[in-house]
Amino acid sequence: MAKIDLTVIPERRERTIQRVRERNIIIPTFAQMKNPDLIPARIKEELRNIGLWDVHPRNLFRITWKNEPVPFGGGFGPVNTLEFPSSLTGVPARIIGLVGKWFPTGAHKVGAAFGCLVPRLVTGQFDPTTQKAVWPSTGNYCRGGAYDSALLACDSIAILPEGMSKERFEWLSKIASEVIATPGSESNVKEIFDKCWELRRSGQDLMIFNQFEEFGNYLWHYEVTGHAMEEVLKRVMGPKDEFRGVALTTGSAGTIACGDYLKQLFPNSKIVAGEALQCPTLFENGFGAHRIEGIGDKHVPWIHNVKNTDLVAAIDDNDVVAVMRLFNEPTGREYLVRKGVPEEVVSKLDLLGFSGIANLLSAIKTAKYYEMGENDIMLIVLTDSMELYGSRIQEYREQYGEFTPYHAAEAYARSLQGQSVDYLLELRYADRRRVHNLKYYTWVEQQGKTYEEILAQWYDRNYWTELQSQVEEIDALITEFNERVGLIKNYQ
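Reference entry: report on the structure contained in this document. None of these values were measured; they are calculated from a predicted model. (Residues numbered from 1 in each chain as written. Predicted model: local features only at pLDDT ≥ 70, side-chain atom pairs only at ≥ 80, totals over all residues. Heavy atoms only, no water.)

Looking now at the packing of helix 9 (residues 215-236) against helix 10 (residues 257-265). Two elements in contact, helix 9 and helix 10, have axes separated by 7 Å at closest approach and are oriented at 50 degrees. Classified by the angle their axes make, helix 9 and helix 10 are oblique. Relative to helix 10, helix 9 is oriented so that their crossing is right-handed. Mapping the contact onto sequence places Tyr218, His221, Tyr222, Thr225, Gly226, His227, Met229, Glu230 and Leu233 in helix 9 and Ala257, Cys258, Asp260, Tyr261, Leu262, Gln264 and Leu265 in helix 10. Across the contact of helix 9 with helix 10, the residue classes break down as 9 nonpolar, 5 polar and 2 charged. (Axes fitted to C-alpha atoms, helices over the stretch in contact; angles between N-to-C directions. Helix = DSSP H or I, 4+ residues; strand = E, 2+ residues; numbered from the N terminus. Parallel < 35°, antiparallel > 145°, perpendicular 65-115°, else oblique. Left-handed = near helix turned anticlockwise from the far one by under 90°. Contact = heavy atoms within 4.5 Å. Nonpolar A, V, L, I, M, F, W, Y, C, P; charged D, E, K, R; others polar.)

Read from one edge of the open sheet, 7 strands run 1-2-10-7-8-9-11, paired in mixed fashion. Looking at strand neighbours, the two that pair on one side only are strand 1 (81-84) and strand 11 (424-426), the edges of this open sheet. For this sheet the average axis-to-axis angle between neighbouring strands, irrespective of direction, equals 25 degrees. One ladder, built from 3 bridges, connects strand 9 (residues 311-315) with strand 11; its direction is antiparallel. Following the sheet pairing, Leu311 is matched in strand 11 by Glu426. Each of strand 1, strand 2 (94-99), strand 7 (242-249) and strand 10 (376-382) touches helix 9; the most contacted strand, strand 10, lies at about 140 degrees to it. (Pairing = 2+ DSSP bridges.)

On to the pairing of strand 4 (residues 156-161). Most of strand 4 sits out of view: 6 of its 6 residues are buried. Because side chains alternate across strand 4, one face comprises the buried residues Ser156, Ala158 and Leu160, and the other comprises Ile157, Ile159 and Pro161, equally buried. Relative to strand 4, strand 3 (residues 132-136) is paired through 4 bridges, and the arrangement is parallel. The partner of Pro136 across the bridge, within strand 4, is Ile159. In this fold, the crossover linking strand 3 to strand 4 by way of helix 6 (residues 140-152) has right-handed handedness. Sheet topology note: the strand 4/strand 5 (residues 178-182) ladder contains 5 bridges and is parallel. (Buried < 20%, exposed > 50% of the residue type's maximum accessible area, 1.4 Å probe, protein only. Right-handed = clockwise from strand over helix to strand, strands pointing away.)

Laid out in C-alpha cells, this is it:
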C-alpha cells in the first residue's frame with residue numbers, strides 16, 4: 001500500500017495551478033534536486049542574480065546538497081562536505097559531514113518541508129488560495145515551511161518551543177503569517193502536538209504538515225540525502241576503504257531515512273540514532289529537557305524505521321555546549337590550531353550547529369565502540385550552522401564566564417576526544433521492537449493512528465519499500481503540474 005496519498009482533487013488543483021502561475025513558480029523534481037545537471041540552463045542563469053536566502057521562487061531549485069557555497073549568485077557543484085581529521089576527533093576513522101548551511105533558509109530542513117508540501121500541492125489536496133499551512137517544529141522545519149508558504153503567498157503558522165534561539169523567532173517574524181511559541185524547549189514536542197489539535201478544533205481552514213508523521217519528510221531524505229551521501233562515498237573512498245554507517249540525531253527521524261537508502265547499497269553499514277542523554281527516550285524510555293537545539297524527544301516519530309536502526313547513542317548536552325564554545329570562541333580555535341588541527345578545518349567549524357555537533361560526537365563514540373581504523377568511513381549531517389545560534393554564544397559567556405585556554409583544554413580532552421562508549425545501546429531485535437512499541441503511546445493513543453497501522457510498520461515487509469518506490473510517481477505528478485502551469489515551456 002502507498003504511504004503518501006497521491007489522490008488528485010481536480011477543482012482544487014486548478015486553483016493551485018492558477019496561484020502558482022501568478023507567483024511565477026516552477027517546482028523542481030526529486031531528480032533535479034539529486035542532480036542539478038537536469039535543471040534547465042535558463043533557470044541556472046536566473047539564479048546568478050538571486051541570493052541563496054532570498055524569498056524567490058527560483059530558489060526552490062536550490063533545495064539540494066549541491067549548491068555552490070556562496071551567499072549570492074552561486075551555481076551547482078559537488079556535495080558540500082567537511083571532513084574531520086583525527087587531530088580533532090581523536091579516532092583514526094574518517095568522519096565526513098554533509099553541510100546544511102548552503103540551503104535556502106540556512107538548513108536542510110527546507111528539503112523536508114518541500115517533501116511534505118509538494119505531494120499535497122500538485123495533487124490539489126492542499127489549496128494555497130484558501131488554506132493556511134501549519135508547520136509544527138522545534139525550529140528549522142517551520143523555517144522551511146514558512147519559506148515555502150511565502151513563495152506561494154499563502155498564510156502560514158509556525159509552531160515551535162519558546163526556548164528556541166532568538167534568531168529563529170526573529171527570522172520567522174518576517175516570513176511566517178503567525179508564530180506560536182509553545183511551552184518548553186527542544187524536548188517538548190507533545191506541547192507542539194497539543195497546539196495542533198487546538199488549531200484543528202478552531203474551525204480554521206488549514207492543513208497541518210507534521211514532520212514527525214509526514215512520510216514526505218522521510219522520502220525526501222531517503223532519496224535526496226541518500227543519493228548525496230552515495231556520491232560523497234564514490235568521491236572519497238579508496239580501494240581499501242569501507243563505509244561503516246551514518247550517525248544522526250533522530251529529531252523528526254527524517255534525516256535518518258538516508259541510512260535506509262545506504263543500507264541497500266552497503267548491507268553491513270550501521271544506522272546510529274543519537275539523542276540527548278538528558279532525555280533518553282530511545283535509550284531507556286526516558287524523558288527530560290536538554291540543550292541540543294533542533295532535535296525533539298519524549299516520543300518516537302511515526303516515520304522512524306526503527307527496525308533498521310542498529311545503535312542508540314545518548315549524548316550529554318554539556319559536551320555539546322562545551323564543544324560549541326571550543327569550535328566558535330577565538331580562544332578555542334587558537335587552542336585547536338596549537339593541537340595540530342589544520343587551520344582550514346578550524347575556520348569552518350562554525351558550519352556545525354548544535355545538532356551537527358551532537359552528530360559528530362555520536363560518530364566518535366560509534367568509531368570507538370566498533371574499533372574503527374583509518375580505512376573506515378562514517379557519515380554525518382551538519383543540519384545547520386552557528387549562524388542560526390549566534391545569541392547563544394553570548395548567553396553562555398554570561399552564564400559561564402569567558403572561555404579561557406583552560407576551558408578549551410578541558411573541552412578538547414573531555415567533551416570531544418574524551419567521548420567514551422558509555423551510554424551506547426546496540427539494538428537487538430527485542431530492543432528495536434521495544435523502541436517501536438513506544439510509538440503506540442504517542443501515535444495511537446494521542447494522534448489518531450490505528451492499531452493496524454502500527455502493526456503494519458513492524459510486520460509488513462513491504463511497508464517501507466513501497467513508500468520508497470513512490471518517488472517516480474511524485475516526479476511524474478510534478479512534471480504534469482508544471483506543464484499545466486505553463487511556465488516551464490519558456491525554459492526548455
